[in-house]
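# Coordinates in review
The primary structure of each chain is shown beneath.
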Amino acid sequence: MVKRKSWVWDYAKREGDRAFCDLCDSENNNEYSCVGGTTGSLIRHLQNCHGIKAPEESIRKRPDKITPNRTIAV
């Protein structure tokens, strides 16, 4: 299985389990957790602080939630 590179790494550098936003200066709180390569905190930071959204092709399409048929006894 090939690991995909997240778009967030175009805006941040990773050092161990920490990531640093390239768009923020080092004086600001620009350090984020990325334990195991997770990118959620960086994605929220880029969206909320810099107005940067994920490119359309990188948004994972989720199948509709499937709920099993349930029969209710009356």
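On a predicted model such as this, the values are computed, not experimentally measured, just so you know. (Residues numbered from 1 in each chain as written. Predicted model: local features only at pLDDT ≥ 70, side-chain atom pairs only at ≥ 80, totals over all residues. Heavy atoms only, no water.)

## Details of helix α1 (residues 40–50)
In plain terms, the rule: Using a 1.4 Å probe on the protein chains alone, a residue whose accessible area is under 20% of its type maximum counts as buried, one over 50% counts as exposed, and one in between counts as partly exposed. Where helices and strands are cited, they refer to DSSP runs of H or I of at least four residues and of E of at least two residues respectively, numbered from the N terminus. Throughout, the arc means that of the directions going from the helix axis to the C-beta atoms. Contacts are assigned to residue pairs that have any heavy atoms within 4.5 Å of one another.
Those residues of α1 that fall on the buried side of the exposure criterion are Leu42, His45 and Leu46. Seen end-on, α1 carries its buried residues on one side only, within an arc spanning 95 degrees. Summarising the contacts, the buried residues of α1 are in contact with β1 (12–15), β2 (18–21) and β3 (31–33). Phi for Gly51, located one or two positions after α1, is positive at around 70 degrees.

## A few points about the pairing of β1
Test applied: Following DSSP output, two strands are said to pair if at least two bridges run between them.
Inspection of the sheet shows β1 paired to β2 by four bridges, in the antiparallel sense. When the sheet's bridge partners are listed, Glu15 is paired in β2 with Arg18. Turn length for the β1-β2 hairpin, with the two strands adjacent in sequence and antiparallel, is two residues, and the turn residue Gly16 shows positive phi of about 65 degrees.

## Re the pattern of salt bridges
What counts here: Take a side-chain nitrogen of Lys or Arg and a carboxyl oxygen of Asp or Glu: if they are within 4 Å of each other, that pair is a salt bridge.
Per the stated rule, a full pass over the model turns up two salt bridges. Taking the shortest distance from any N to any O, the salt bridge between Lys13 and Asp22 comes out at 3.1 Å. By relative accessible area, which is 38% here, Asp22 ends up partly exposed. Across the salt bridge formed by Glu31 and Arg18, the nearest N and O atoms sit 3.5 Å from each other. Of this pair, Glu31 sits in strand β3 while Arg18 sits in strand β2, and the two are 13 residues apart along the sequence. According to the relative accessible area criterion, Glu31 is partly exposed, its value standing at 38%. Judged by relative accessible area, Arg18 falls into the partly exposed class, the value being 39%.

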